[in-house]
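Summary of structural features
Chain by chain, the residues run as shown.
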Amino acid sequence: MDVIHAVQRYVARMTEGVSGMKALLLDKETTVMVSMVCSRSQVLEKEVFLFQRLDAQRRGQMLHMKAIVFLRPTHENLKLLQEELREPKFGE
């Protein structure tokens, strides 16, 4: 299995267990990974309508969407995830 196929399957598995409209929360590196291996139409088929960086300064509430988080386990990302969980911007 090549790396591209592995990342495509990983994204597919993350999204298939969640029904309804979804947002994918990413960090700088996972944004690059996903954008290199998955086309927009492939991800839209999985009902992922929003790609958003967790470190984005201006993120509005999207309570009608469910968030799927794909981050590297860094100290900065864990801190940002704690902040997100403290004041969630998504319904689930």
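As shown above, the structure is provided for reference.
A word on the pattern of salt bridges. Inspection of the entire model under this criterion finds four salt bridges. For Lys22, the salt bridge goes to Glu47, with nearest N and O atoms at 3.9 Å. Here Glu47 lies in the loop between α3 (40–45) and β2 (48–53) and Lys22 lies in strand β1 (residues 22–26), a separation of 25 residues in the sequence. Judged by its relative accessible area of 35%, Glu47 is partly exposed. Across the pair Arg72 and Glu29 runs a salt bridge whose closest N-O atoms are separated by 2.6 Å. Remark: Glu29 occurs in helix α2 (residues 28–37) and Arg72 occurs in the loop between β3 (66–70) and α4 (75–86); sequence separation between them is 43 residues.

Attention now goes to the sheet that holds β2. Sheet architecture is open: three strands sit in the order β2-β1-β3, paired in parallel fashion. The open sheet has two free edges, formed respectively by β2 and β3, since each of these has just one partner strand. Here the average twist between neighbouring strands, direction ignored, is 25°. Pairing of β1 with β2 involves five bridges; the strand directions are parallel. Within β2, the position partnered with Lys22 by the bridge is Val48. Against the sheet, helix α1 (residues 3–16) engages β1, β2 and β3, with an angle of about 150° to β3. Each of β1, β2 and β3 is contacted by α2, which is oriented at about 125° to β1, the strand it contacts most.

What counts, and where the lines are drawn
Residues numbered from 1 in each chain as written. Predicted model: local features only at pLDDT ≥ 70, side-chain atom pairs only at ≥ 80, totals over all residues. Heavy atoms only, no water. Salt bridge = Lys/Arg side-chain N within 4 Å of Asp/Glu carboxyl O. Helix = DSSP H or I, 4+ residues; strand = E, 2+ residues; numbered from the N terminus. Buried < 20%, exposed > 50% of the residue type's maximum accessible area, 1.4 Å probe, protein only. Pairing = 2+ DSSP bridges. Axes fitted to C-alpha atoms, helices over the stretch in contact; angles between N-to-C directions. Contact = heavy atoms within 4.5 Å.

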